Amino acid sequence: METTKHSAVNLQVAKTVTHGSGWSACSQNILQCRCFSHLALSEYVPACAPVDRHQVELLQDFVSCSQRLFVMTGAGISTESGIPDYRSEGVGLYSRTERRPIEHSEFVRSEAARRRYWARNFVGWPQFSSHQPNEAHIALSNWERAGKLHWLVTQNVDALHTKAGQQRLSELHGCTHRVTCLSCKTVVKRSELQERFMVLNPSWNEESHGVAPDGDVFLTDEQVANFNVPACESCGGVLKPQVTFFGDTVSQELVFSLYDYLSQSDAMFIIGSSLQVYSGYRFALKAKEKHIPIAILNIGPTRADHLASVKVSSRCGDVLPHILTQE
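Model, not experiment: these values are computed from the prediction.

*Asks:* Looking at this structure, I do not really get the sheet that holds strand β9 (residues 310-312). What am I missing?
*Replies:* Note: strands within a sheet are paired through backbone hydrogen bonds, in either parallel or antiparallel orientation. Read from one edge of the open sheet, 6 strands run β3-β2-β1-β7-β8-β9, paired in parallel fashion. For this open sheet the edge positions go to β3 (169-171) and β9, each flanked by a neighbour on one side alone. Sheet twist, expressed as the mean angle between neighbouring strand axes with direction ignored, is 15°. On top of the sheet, helix α2 (residues 53-65) reaches β1 (69-73), β7 (267-271), β8 (294-297) and β9; it is set at about 130° to β9, its chief contact.

*Asks:* Is there a simple way to think about helix α11 (residues 278-289) in this case?
*Replies:* Structural remark: α-helix, 3.6 residues per turn; residues separated by three or four positions point the same way. In a regular helix each residue adds 1.5 Å, so 12 residues correspond to 16 Å; α11 covers 16 Å between its end C-alpha atoms and thus fits that length. Taken together, the buried positions of α11 are occupied by Ser279, Gly280, Tyr281, Arg282, Phe283, Ala284, Lys286 and Ala287. Backbone geometry just downstream of α11 places His291 in the positive-phi region, at approximately 60°.

*Asks:* Is there a simple way to explain the pairing of β8 in this structure?
*Replies:* Walk down a regular strand and you will see the side chains alternate between the two sheet faces. Burial along β8 is two-sided: the face carrying Ile294 and Ile296 and the face carrying Ala295 and Leu297 are both buried. Here β7 runs beside β8; their pairing, made up of 4 bridges, is parallel. When the sheet's bridge partners are listed, Ile271 is paired in β8 with Leu297.

*Asks:* How should I be thinking about the environment of Gly237 in this particular structure?
*Replies:* Along the polypeptide, Gly237 turns up in the loop between α9 (221-224) and β6 (239-243). When the C-alpha positions of Gly237 and Thr180 are compared, they lie 9.6 Å apart, and in sequence the two are 57 residues distant. Apart from the residues lying within four places of it in its own chain, the contact partners of Gly237 are Cys181, Ser183, Ala231 and Cys232.

*Asks:* What am I meant to see in the sheet that holds β6 here?
*Replies:* Pairing in this open sheet of 3 strands is antiparallel, and the strands run β5-β4-β6 from one edge to the other. Each having just a single partner strand, β5 (187-189) and β6 make up the two edges of the open sheet. The sheet shows a mean angle of 45° between the axes of neighbouring strands, direction not considered. Contacts from helix α5 (residues 111-130) reach β4 (174-181) and β6 within the one sheet, and its direction differs from that of β4 by about 140°.

*Asks:* I'm lost on the packing of α5 against helix α8 (residues 190-200) in this one. Help?
*Replies:* The relative placement of two packed helices is expressed as an angle between their axes plus a distance between the axes. Packing of α5 against α8 leaves a shortest axis separation of 11 Å and a crossing angle of 115°. By the angle class used here, α5 and α8 are roughly perpendicular. The two elements α5 and α8 meet at a crossing, and its hand is left-handed. Together, Trp118, Asn121, Phe122, Trp125 and Pro126 of α5 and Arg190, Ser191, Leu193, Gln194, Phe197 and Met198 of α8 make up the contact between the two elements. Of the residues in the contact of α5 with α8, the class split is 7 nonpolar, 3 polar and 1 charged.

*Asks:* Would you mind showing me how to read the UniProt feature "binding site: Zn(2+)" (unreviewed entry) in the protein chain here?
*Replies:* If you check UniProt for "binding site: Zn(2+)" (unreviewed entry), the listed places come out as Cys181, Cys184, Cys232 and Cys235 in our numbering. The greatest C-alpha distance among the annotated residues, which extend across 55 residues, is 8.6 Å, indicating that they converge on a single site. Within the secondary structure, Cys181 is located in strand β4. Discounting chain neighbours no more than four positions away, the residues touching Cys181 are Thr186, Cys232, Cys235, Gly237, Val238 and Leu239. Those residues within four positions of Cys235 in sequence are excluded, and the remaining contacts are Cys181, Ser183 and Cys184.

*Asks:* Just to check I follow, could you spell out the pattern of salt bridges for this structure?
*Replies:* Applying the stated rule across the entire model yields 7 salt bridges. Here Lys286 ties to Glu289 by a salt bridge, and the two come within 3.6 Å at their closest N and O atoms. On the criterion of helical spacing, the pair formed by Lys286 and Glu289 is a turn pair, its members being 3 residues apart in helix α11. Using a relative accessible area of 18% as the deciding quantity, one classes Lys286 as buried. Residue Glu289 is classed as exposed on the basis of its relative accessible area of 52%. One salt bridge connects Asp318 with Arg315, and the closest N-O pair in it is separated by 3.9 Å. Residue class for Asp318 comes out buried when judged on its relative accessible area of 7%. Residue Arg315 is classed as buried on the basis of its relative accessible area of 16%.

*Asks:* I would appreciate a short explanation of the state of the cysteines in the present structure.
*Replies:* Linking two cysteines covalently through their sulfur atoms gives a disulfide. Evaluation of the coordinates by the stated rule reveals 0 disulfides. The thiol sulfur of Cys232 is not disulfide-bonded, and the nearest other cysteine sulfur, from Cys184, lies at 3.7 Å. Using a relative accessible area of 7% as the deciding quantity, one classes Cys232 as buried.

*Asks:* Is there a simple way to explain the nonpolar core in this structure?
*Replies:* Here is a general trend for soluble globular proteins: nonpolar side chains tend to be buried in one another's company. The biggest cluster of nonpolar side chains holds 25 residues, and the ones touching the most others in it are Leu59, Leu140, Trp143, Phe269, Ile271 and Leu320. For this core, the secondary structure elements donating two or more residues are α2, β1, α6 (135-145), β2 (149-154), β7, β8, β9 and α12 (316-319). In contact with Phe269, other than residues within four places in its own chain, are Leu59, Leu69, Phe70, Val71, Met72, Trp143, Ala295, Ile296, Leu297 and Leu320. Counting residues in each nonpolar core, the second largest holds 24 residues, with Phe70, Met268, Tyr281 and Ala284 among its members.

About the criteria used
- Residues numbered from 1 in each chain as written.
- Predicted model: local features only at pLDDT ≥ 70, side-chain atom pairs only at ≥ 80, totals over all residues.
- Heavy atoms only, no water.
- Pairing = 2+ DSSP bridges.
- Helix = DSSP H or I, 4+ residues; strand = E, 2+ residues; numbered from the N terminus.
- Axes fitted to C-alpha atoms, helices over the stretch in contact; angles between N-to-C directions.
- Contact = heavy atoms within 4.5 Å.
- Expected span 1.5 Å × (residues − 1).
- Buried < 20%, exposed > 50% of the residue type's maximum accessible area, 1.4 Å probe, protein only.
- Parallel < 35°, antiparallel > 145°, perpendicular 65-115°, else oblique.
- Left-handed = near helix turned anticlockwise from the far one by under 90°.
- Nonpolar A, V, L, I, M, F, W, Y, C, P; charged D, E, K, R; others polar.
- UniProt positions renumbered as here; feature names shortened; annotations may be inferred.
- Salt bridge = Lys/Arg side-chain N within 4 Å of Asp/Glu carboxyl O.
- Disulfide = S-S within 2.5 Å.
- Core = buried A, V, L, I, M, F, W, Y, C linked by side-chain atoms within 4.5 Å.

Here's what the structure looks like:
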């Protein structure tokens, strides 16, 4: 798997004054306004208790004490942008359906599986690619510009951090906005592939039956039987999203580079991830090994709760915009 990694950039530090616990009257008004969007997104965002002010104050202290923060994000930061996740209780894909994401080995060995995947992805792409970053993504991008955030690694493949302007970023599982050839490793934009799909399938028009977390939708085998999938224009090879499918592994080069960024950091902040997948959990274990303190913001339990010094069980958008950074 090839993963794009941005080089470090010189950052201009923006100074922000902390007022008390960081909860201003303006912040409270924003919280009230967000209730309406929460109602609209209740299909994707799991229920949670009201924000615990004491927990947030502890998180504010944790962030304020850090000068080089290593942040890891998961699906829980993107559900508020309308993208469902897999594991959330009551609203995740695993709770709502019997469907499971495609396995890497199945995609590689089966032409029928690839046709089914790409047909679903073709239908879902216009909606999936139109999702925009929410307040939580924007807050983290602001932290980077303020010099607070040393590096961010995301488990998400939705490009929302990039859309929010994040630059000190690694995509642990790749990104659906890029497509790679399994033979010659040529990388093309997913938007360009959409145009090729339309040329090859001019009269193909199928309705989907629900949306999945990684940009595809639910279609029957009968619906996808006549869908045509293009080959790599460079070598005729098999095209695959530049993401790590289930059953595949993250490149060791990427993992070790992220260990380096973690070693250069003085705190780790896990946001919107249950860390049930080891590819993400390993960084919490590494932080503990290096005596780097950990904070977690996530609705529901995580695999690393016992490693954290601070745990906040709230929506990301209810908390991150109100955590203030300071020089």
